[in-house]
Amino acid sequence: MKALRYLNKYFLKYKFRLLLGVLITILSKFLALEIPQIIRRSLNTVEDYQNGVITDFEVVKHDLLINVLIIVGVAVLSGFFTFLMRQTIIVTSRLVEFDLKNEIYQQYQRLSLNFYKKNRTGDLMNRISEDVGKVRMYFGPALMYALNMIVLFAVGFTNMFRIDAKLTMYTLIPFPVLSVSVFVLSRVIHKRSTIVQMYLSKLTTFNQEFFSGINVVKSYGIKETVISNFESLANDSKEKNIDLTKVNALFFPLMVLLIGFSNLLVIYIGGKQYIAGEIQLGVIAEFIIYVNMLTWPVAIVGWVTSMVKLAEVSQQRINEFLQQDPEIKNKTHDSFNLKGTVEFRNVSLTYDDTNITALNDISFSIESGQTIAILGKTGSGKSSIVNLVSRLYDATEGTVLIDGIDIKECNLDQLRDQTGFVPQDPFLFSDTIENNIKFGKENASTDEIENAAKDAVVHENIVDFKDGYQTILGERGVTLSGGQKQRVSIARAIIKDPKILVFDDCLSAVDTETEERILTNLAKVSKNKTTFIISHRVSSAKNADKILVLEDGKIKQQGSHNQLITEKGYYKELYSQQLLEKEM
Ligand SMILES: Nc1ncnc2c1ncn2[C@@H]1O[C@H](COP(=O)(O)OP(=O)(O)OP(=O)(O)O)[C@@H](O)[C@H]1O
């Protein structure tokens, strides 16, 4: 129950609604328990008439009519209260579900990139859907049934004892057997449903990865392997579901058997008492109704226990995420006027999941408004530098300074707000091109959008589409080429008009002519902006104020284009090689 304590704040938040629900439940059960008593009275009246205690048939008829009307009235009222009970308690559980989902989603937004690398997407989705669903069952149905049971028991048994203590004792004989067997069954059900849940998670993750990697699956012709892997996973899942169904199937017959046994006892013992003249016929009828009314709540004890247990496991899984502190914390919300000077002072970065040292004692600086190009072989650490500038990661050693202030002391939201980042592998949402660009500036005008697209040299491509800027991308619509995607995401960064612009190898998929045009536009757009350009091409770097050449996480060369082409090393080699390619 420890994990579920987390939810107490929601009990407090919705206390009035819940309290109302509790009152309504009590009232509805009180009403429902009136019915057996009225039936007892009716049968007793009939018996009294047969025995000559009541002689006037009209009195009997009148009594019976009144009782029937009361039963109908009570049933309607009890139904109405049951409706209200659901409206209060179940609706509250839906509100809690909504709050909890939002809370988890907000936490997902706060958590750092490392968190997403450590946890699989299927698992992240399951916690926000399946697990929250289980927790809702604790808040809604479990609470409602538990309340139902308590009221039915308290009132029902009091009534029974008051009428006939001996018959009540006999009637109760099967109840302990019932509760123990239900409890044992529920435990087995609980264990098996946890396994079923685990397999469901595995299937979700498998499918999610399959859909994301559909291109690879198709192009590598590994359809058969994927189908067979899916089949084997689905088969395991089916086996586990059948295991669960088997115990579930035992549940109902067991209930019917025990209810039948209790009924038999009432009829046998009650019958003997009736023959002995100790009770009237109506009491037997009343008891039979009680037995049927009370057996289900006993069975539900086990069900509720298992619901609470499942909710506990789920809440524990949710808490694991909710209680995780983001690795990248925003220490301050003080606003600052970002100018864009960036300095790396003896910075090293080791990714803690892979233990790879991507950067090793890096020092350089760049003034506000300047452009820096970073070149180097693949894996040399280029992206890692810009990851630190956007504070997607924190340096393991050394300091990154923005405007002379340690980046960890800067307002993170503002820093990211003032940074336009075009990643190596751009991501576009399944939305219109316009909205994908506007993502950089929500209230951008049509002119601003078009200008950004023109600067990114993608406007001509967009207007060629039938729906122009309203063209839907992704799963539901058009698939852009790699180069078009890169340029739409460049437009998204440009429209943001940030202080720091980062282009992480985002011109790799465009031809050199388009690259030239984009670079010319960027030179204009990035005036007064600090710009990072990561590239494998000298053409992207040559106009930069400063060029860094990285090798194995270290700065090998540093300087301007004119300096570096005279220096022996990677840059000169690359320059000569690319010059040769151009001439050929
Ligand atoms: N998020 C990460 N987590 C763990 N290791 C990483 C991560 N990003 C990069 N690395 C590792 O750090 C090293 C440097 O990678 P980085 O992406 O900075 O190189 P790069 O020069 O940008 O390469 P490329 O030109 O191929 O994009 C590589 O060995 C890579 O495997």
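What you see is a predicted model; the values in this text were computed from it and never measured.

1. Some details on unusual backbone geometry
Logical step 1: Phi angles above zero are rare outside glycine, and asparagine 355 is one such case at about 65°.
Logical step 2: With respect to the secondary-structure elements, asparagine 355 resides in the loop between β1 (342-350) and β2 (357-366).
Logical step 3: Take asparagine 355: there are 7 C-beta atoms within 10 Å of it, and that puts it in the exposed class.

2. Some words on the sheet that holds β2
Logical step 1: On the basis of which strands lie adjacent, the open sheet formed by four strands has the order β2-β1-β4-β5 and antiparallel pairing. Each of the sheet's edge strands pairs with one partner strand only, and the pair in question is β2 and β5 (405-406).
Logical step 2: Alignment of β1 against strand β4 (residues 397-402), held across five bridges, turns out to be antiparallel. Bridging across to β4, glutamate 343 finds its partner in leucine 401.

3. Topic: the pairing of strand β9 (residues 546-551)
Logical step 1: Relative to β9, strand β3 (residues 371-376) runs parallel, the two sharing five bridges. Within β9, the residue paired with alanine 373 across the bridge is isoleucine 547.
Logical step 2: The antiparallel hairpin formed by β9 and strand β10 (residues 554-559) contains two residues in its connecting segment, where aspartate 552 sits at a positive phi of about 50°.

4. Regarding the sheet that holds strand β6 (residues 419-422)
Logical step 1: Judged by pairing direction, the sheet is mixed, and its six strands sit side by side in the order β6-β7-β8-β3-β9-β10 without closing on themselves. The two strands at the open ends of the sheet, each matched to only one other strand, are β6 and β10. Shown here is a sheet whose adjacent strand axes are inclined to one another by a mean of 15°, direction ignored.
Logical step 2: Strand contacts of helix α17 (residues 482-495): β6 and β7 (500-504), with the helix running at about 175° to β6, the strand carrying the most contacts.

5. Describing the site of the ligand
Logical step 1: Tyr351, Ala358, Thr378, Ser383 and Ser384 are the nearest of the 15 residues found near the ligand.
Logical step 2: No other element matches helix α12 (residues 382-389), which puts three residues into the shell around the ligand.
Logical step 3: Its residues assigned to classes, the shell around the ligand shows three nonpolar, nine polar and three charged.

6. Concerning the UniProt feature "transmembrane region" (unreviewed entry) in the chain
Logical step 1: Here, the residues flagged by UniProt with the feature "transmembrane region" (unreviewed entry) are residues 64-85, 142-161, 167-189, 247-269 and 281-304.
Logical step 2: Secondary structure within residues 64-85 divides into 100% helix and 0% strand; the distance between the first and last C-alpha atoms comes to 31 Å.

7. Digging into the pairing of β4
Logical step 1: As paired elements, β4 and β5 share two bridges and run antiparallel to each other. Following the sheet pairing, leucine 401 is matched in β5 by aspartate 406.
Logical step 2: What sits between the antiparallel neighbours β4 and β5 is a turn of two residues, in which aspartate 403 has the positive phi angle 50°.

8. Examining the packing of helix α4 (residues 57-110) against helix α11 (residues 281-322)
Logical step 1: For the pair α4 and α11, interaxial distance at closest approach is 10 Å and the crossing angle is 35°. The interaxial crossing formed by α4 with α11 has left-handed handedness. On the side of α4, the interface is formed by Glu103, Ile104 and Gln107, while α11 contributes Ile318, Phe321 and Leu322.
Logical step 2: Split into classes, the residues belonging to the contact of α4 with α11 amount to four nonpolar, one polar and one charged.

Analysis parameters
- Residues numbered from 1 in each chain as written.
- Predicted model: local features only at pLDDT ≥ 70, side-chain atom pairs only at ≥ 80, totals over all residues.
- Helix = DSSP H or I, 4+ residues; strand = E, 2+ residues; numbered from the N terminus.
- Buried ≥ 20, exposed ≤ 12 C-beta atoms within 10 Å, placed from the backbone.
- Pairing = 2+ DSSP bridges.
- Axes fitted to C-alpha atoms, helices over the stretch in contact; angles between N-to-C directions.
- Contact = placed C-beta atoms within 7 Å.
- Near = placed C-beta within 6 Å.
- Nonpolar A, V, L, I, M, F, W, Y, C, P; charged D, E, K, R; others polar.
- UniProt positions renumbered as here; feature names shortened; annotations may be inferred.
- Left-handed = near helix turned anticlockwise from the far one by under 90°.

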